[in-house]
Amino acid sequence: MELGLDSFVAVAEDPFTGEVPTPEERLAQLIEEVETAEAAGLEVFGIGEHHRKEFLDSAPVVLLAAAAARTKKIRLTSAVTVLSADDPVRVFQAFATLDLLSHGRAEIVAGRGSFVEAYPLFGFSLADYDSLFAEKLELLLKIRDEPVIHWKGRHRAALDGLNVSPRPLQNPLPIWVGVGGTPESFLRAGVLGLPLMVAIIGGEPRRFRPLVDLYREGAQRAGHDLSRLKIGVHALGYVGSDDTSAADDFFPGYARMFTRIGRERGWPATTRAQYDRLLEPDGALMVGSPETVASKIRRMSDALGGVDRVTVQMSVAALSHQRMLTAIRSLGQEVAPLLKPAS
């Protein structure tokens, strides 16, 4: 199992000190986090894409390119690219360039996004939420397979014998599908035979098993080799020295962020009781001591029938930079060894 990190490059007030990093400071911290992740032995680092003031990840490929210049081995991926509101040609060109800069370490996780600001910002209608993604994913895959494109769709100008370059070092460039909880998304990824990245940020991971099975069934019916498919999970988490201190460190920033998001969506404020339920063995939050986090990751993998990659998202809790670095080291040096099969 590959283990890594995702970041939304959140910038918010530290719930314990009240300090707020400047955007310049926060981006410098991000690069140090990627360097620390690689030094700790983690295998992948993902950067999300949002167009909100509390996140500094509106240009993820730029950030990944900066990380590529400071690292040598860690894989660099989006988490996710909001493909519905972007141009597949430009997405491919950007990630192909990143792949060349990083000597073959780039990956795309393509999705529709859980926030909707990108749609009006770039002139798209939410009424086309699904059709935009389906069409643009089709084009992105075609570009990956064919440098000279003949294509016509509904949402973008046709391409008639045009060349798309540069070409990436990896052939093919890895493209995952990022999904939330809609059966159609899981089935589409399976039919296309693409690796699946499941965002599990609440509830119990085992509840996603029917959807993961639907993905596998769709792939099998489409004639894909199931042994070649990959399933990943994006989870919220934090590694502390013990369960109590880890839970107490993560809760204030987590609750503030999810209460703010919930207010926009008509949800009640996040409570400590709700949070504590997510810390239980079957809950979605990967928060605790190294042993607890490793145990929860194994339990989640078993519940889903096996996963190939887990990326942990810590940045939503507005932890101090030093706490983040310590947690990243623990994830790589203490949690990862516990997940390796016994020799």
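So, here's what we can say about the structure. Position numbers for residues count from 1 along each chain, tracking the sequence in the order it is written. The predicted origin of the model limits local features to residues at a pLDDT of at least 70 and limits the giving and counting of side-chain atom pairs to 80 or more, whereas totals for whole chains, interfaces and linings rest on all residues. Excluding hydrogens and water, the side-chain values take into account all heavy atoms of the structure.

1. A look at the overall build of the chain
In plain terms, the rule: Helix and strand assignments come from DSSP, with helices taken as H or I runs of at least 4 residues and strands as E runs of at least 2, each series counted from the N terminus. Summary of the burial criterion: residues with accessible area below 20% of their type's maximum are buried, those above 50% are exposed, and those between are partly exposed, where the area comes from a 1.4 Å probe applied to protein chains only. We call two residues in contact whenever any of their non-hydrogen atoms come within 4.5 Å of each other. Computed by Shrake-Rupley with a 1.4 Å probe, the accessible areas treat only the displayed protein chains as cover when residues are assessed. Counted as positive: Lys and Arg. Counted as negative: Asp and Glu. His and the chain ends are not counted at all. Lys charges are placed at NZ, Arg charges at CZ, Asp charges at CG and Glu charges at CD.
Looking only at helices and strands, the chain features eleven helices and twelve strands. Over its C-alpha atoms, taken along the principal directions, the chain stretches across nearly 60 × 45 × 45 Å. Of all 343 residues assigned to the chain, the portion counted as buried reaches 53%. For the chain, long-range pairs separated by at least 24 residues make up 72% of all intrachain contacts whose partners lie at least 6 apart in sequence. Roughly 15,000 Å² of accessible area belongs to the chain as shown, and the carbon and sulfur atoms make up 53% of that amount. Here the chain contributes 38 positively and 44 negatively charged side chains, and the mean placements of these two sets differ by 3 Å.

2. Remarks on the environment of Leu121
Here Leu121 is to be found in helix H4 (residues 118-121). Expressed as a C-alpha distance, the spacing of Leu121 and His51, which sit 70 residues apart in the sequence, is 8.5 Å.

3. Points about the side chain of Ser185
Selection rule: Side-chain atoms alone can form a polar contact between residues adjacent in sequence; in general such a contact is a pair of N or O atoms within 3.5 Å, and within protein one must be able to donate a hydrogen while the other accepts it.
Locating Ser185 in the fold gives a position in helix H6 (residues 183-192). In this structure the side chain of Ser185 is engaged in a polar contact, spanning 2.7 Å, whose partner is the side chain of Thr182. Those residues within four positions of Ser185 in sequence are excluded, and the remaining contacts are Arg112 and Val179.

4. A few points about the pairing of strand S9 (residues 196-200)
The condition is simple: Pairing between strands is defined by DSSP: at least two bridges between the two strands are required. With the strands aimed away from the viewer, a crossover counts as right-handed if its path from the first strand over the helix to the second runs clockwise.
S9 sits mainly inside the fold: four of its five residues count as buried. The pairing of strand S8 (residues 175-179) with S9 spans three bridges and is parallel. Paired with Val177 across the bridge in S9 is Leu196. The handedness of the S8 to S9 crossover, carried by H6, is right-handed.

5. Describing the environment of Ala235
In this fold, Ala235 is placed in strand S10 (residues 231-239). Not counting residues up to four positions away in its chain, the partners in contact with Ala235 are Ile200, Ala284, Met286, Thr311, Val312 and Gln313.

6. Observations concerning a negative patch on the surface
Stated formally: For patch building, the residue pool is restricted to those with more than 30% relative accessible area and no salt bridge; the joining distance is 9 Å between like charges and 5 Å between nonpolar side chains (Val, Leu, Ile, Met, Phe, Trp, Tyr). Between Lys or Arg on one side and Asp or Glu on the other, a salt bridge is scored when a side-chain nitrogen of the former is within 4 Å of a carboxyl oxygen of the latter.
A cluster of acidic residues, Asp242, Asp243, Glu291 and Glu334, forms a negative patch on the protein surface. You can see Asp242 is positioned in the loop between S10 and helix H8 (243-265).

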